[in-house]
Amino acid sequence: MNNKTNTAASVEADRSLWSIFAKAVGLIMGVAIAYIVLYMAYKDGTTYYQTPSYTNPSMDAFAPALVPSTSPSSPNGTVVPSDENDIPHIDLTKMPQTKEEIVEYYKSANHKVKTQAKSVTRTYNKVSNYNNVLETGGNPILSRIGKAVMGKFLTENLEPKTFTGQAEIAGAFPPPNAVCGLNANEVESAICTDKGNFFELKIYMLPEVDPVNGKGTGAVSTIITKKEITDAVEGYVEISDIRCEYENVYLIANVDKSTGDITELYVNMPLYLNLSALGMDCKVGLCFEDKYTVEW
């Protein structure tokens, strides 16, 4: 009897020890896996902290330590970290002459706004029907889609909105939440005029289809994302294809000669939005206009 009791106690003790051992191994494995995941995430610098977007509450804005820029291969509107070495460090009190110099000048001045400005105020925001284009082929479903898109975007806001703090400014001043990665080969023409106390920069972009945030047209303006478009037509029909054709996009920036500070920015961004649904096409013309003032 005593032998059976001792054997049972021994078995129970062994089970208890095995349970403790298993839990310990499980804990160690869990910590190891968590460490590996964190290491891999931080190793390539792609860990982000998500905060609400200042430009569109329905979308997420990524806010890593550095103001991000967009990779040419990334989807419309997404961002990846940018190296500070990508930002040209030039004398902003010296007047740029060539197209290449003006592009580099604007990139540097734009980055200065995002990192040093005291506040940015959007004083004007308007979206209109570009060239009165609304092509639906007489199809009632596509007509509803086109009108839904226009109803979503066509606005005129004259009430100023001020953004303060580096995160807010980086999210509001174009390109939003991205470093300006403009290249001279994406620009049709660029002009710098001495206006006495300031330089006036005019940059005219080449036509572009589906730009990404921070590059090309997406480097000088706040492009619309495909998510915004699909949200606008949600409930009407499923969109099979979206194509954004930007043309005649330009900006005018006033830069203080003595400091190199952008004081005013105007952006004009026309595009044709092409949607495909049910084997049919819909085309809507939209023109976005924004005006900003910057305080230092």
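See the structure shown above.
Every value quoted in this text rests on a predicted model; they were computed, and no experiment measured them. (Residues numbered from 1 in each chain as written. Predicted model: local features only at pLDDT ≥ 70, side-chain atom pairs only at ≥ 80, totals over all residues. Heavy atoms only, no water.)

A. The arrangement of the pattern of salt bridges in detail. Summed over the entire model, instances satisfying the criterion amount to five salt bridges. Between Glu245 and Arg243 there is a salt bridge, with the nearest N and O atoms lying 2.9 Å from each other. On the basis of relative accessible area, Glu245 is assigned to the partly exposed category, the value being 24%. What makes Arg243 partly exposed here is its relative accessible area of 37%. (Salt bridge = Lys/Arg side-chain N within 4 Å of Asp/Glu carboxyl O. Buried < 20%, exposed > 50% of the residue type's maximum accessible area, 1.4 Å probe, protein only.)

B. Representation of the packing of aromatic side chains in the model. Applying the stated rule across the entire model yields five aromatic pairs. Judged by centre distance (6.0 Å) and plane angle (55 degrees), the rings of Tyr250 and Tyr266 are tilted. Note that Tyr250 is positioned in strand E10 (residues 250-256) and Tyr266 in strand E11 (residues 262-277), a separation of 16 residues in sequence. Taking relative accessible area as the criterion, Tyr250 reaches 22% and is therefore assigned partly exposed. (Phe/Tyr/Trp six-rings, centres within 6.5 Å; stacked < 30°, edge-to-face > 60°. Helix = DSSP H or I, 4+ residues; strand = E, 2+ residues; numbered from the N terminus.)

C. Region of the structure containing the nonpolar core. By size, the foremost hydrophobic cluster in this structure holds 49 residues, and its most contacted members are Tyr106, Leu182 and Ile203. Among the elements of the structure, helix H2 (99-116), strand E3 (119-135), strand E6 (187-194), strand E7 (198-205), strand E9 (241-246), E10, E11 and strand E12 (280-295) are those that each provide at least two residues to this core. Examining the composition of this core, we find that eight residues originate from one element, E11, more than from any other. Discounting residues that sit within four places of it in the chain, Leu182 has contacts with Val103, Lys107, Val187, Ile203, Met205, Gly214, Gly216, Ala219 and Val220. (Core = buried A, V, L, I, M, F, W, Y, C linked by side-chain atoms within 4.5 Å. Contact = heavy atoms within 4.5 Å.)

D. Region of interest: the side chain of Asn213. Mapped onto the elements, Asn213 comes out in the loop between strand E8 (208-209) and helix H5 (226-232). Looking at Asn213, its side chain comes within polar contact range of the main-chain oxygen of Pro176, at 2.8 Å. (Polar contact = N/O pair within 3.5 Å; in protein donor to acceptor, adjacent residues only side chain to side chain.)

E. A look at unusual backbone geometry. Looking along the chain, the bond that leaves Pro174 and enters Pro175 is cis, with omega of -5 degrees. Within the secondary structure, Pro175 is located in the loop between helix H4 (166-172) and E6. Residue Asn132 is not a glycine yet carries a positive backbone phi of 55 degrees. Judged by relative accessible area, Asn132 falls into the exposed class, the value being 66%. Even without a glycine there, the phi angle at Asp210 is positive, about 50 degrees. Tracing the sequence through the fold places Asp210 in the loop between E8 and H5.

F. Fine view of H2. With 18 residues, H2 extends 25 Å from end C-alpha to end C-alpha; this agrees with the ideal 26 Å at 1.5 Å per step. Restricting attention to buried positions, one finds in H2 the residues Ile102, Val103, Tyr105, Tyr106, Lys107, Ser108, Ala109, Asn110, His111, Lys112, Val113 and Lys114. (Expected span 1.5 Å × (residues − 1).)

G. Local environment of the side chain of Asn254. With respect to the element layout, Asn254 can be found in strand E10. In this view, Asn254 contacts Phe198, Phe199, Glu200, Asp261, Ile262, Thr263 and Glu264; residues no more than four positions away in its chain are not counted.

H. Structural view of the pairing of E10. Pairing between E7 and E10: seven bridges, direction antiparallel. Bridge pairing in E10 links Phe199 to Val255. For E10 and E11, the ladder comprises six bridges, and the chain directions are antiparallel. The partner of Tyr250 across the bridge, within E11, is Asn268. Hairpin connection between E10 and E11: a loop of five residues separates the two successive antiparallel strands, and Gly260 in this loop has a positive phi of roughly 75 degrees. (Pairing = 2+ DSSP bridges.)

Coordinates in, geometry out; function isn't part of it.
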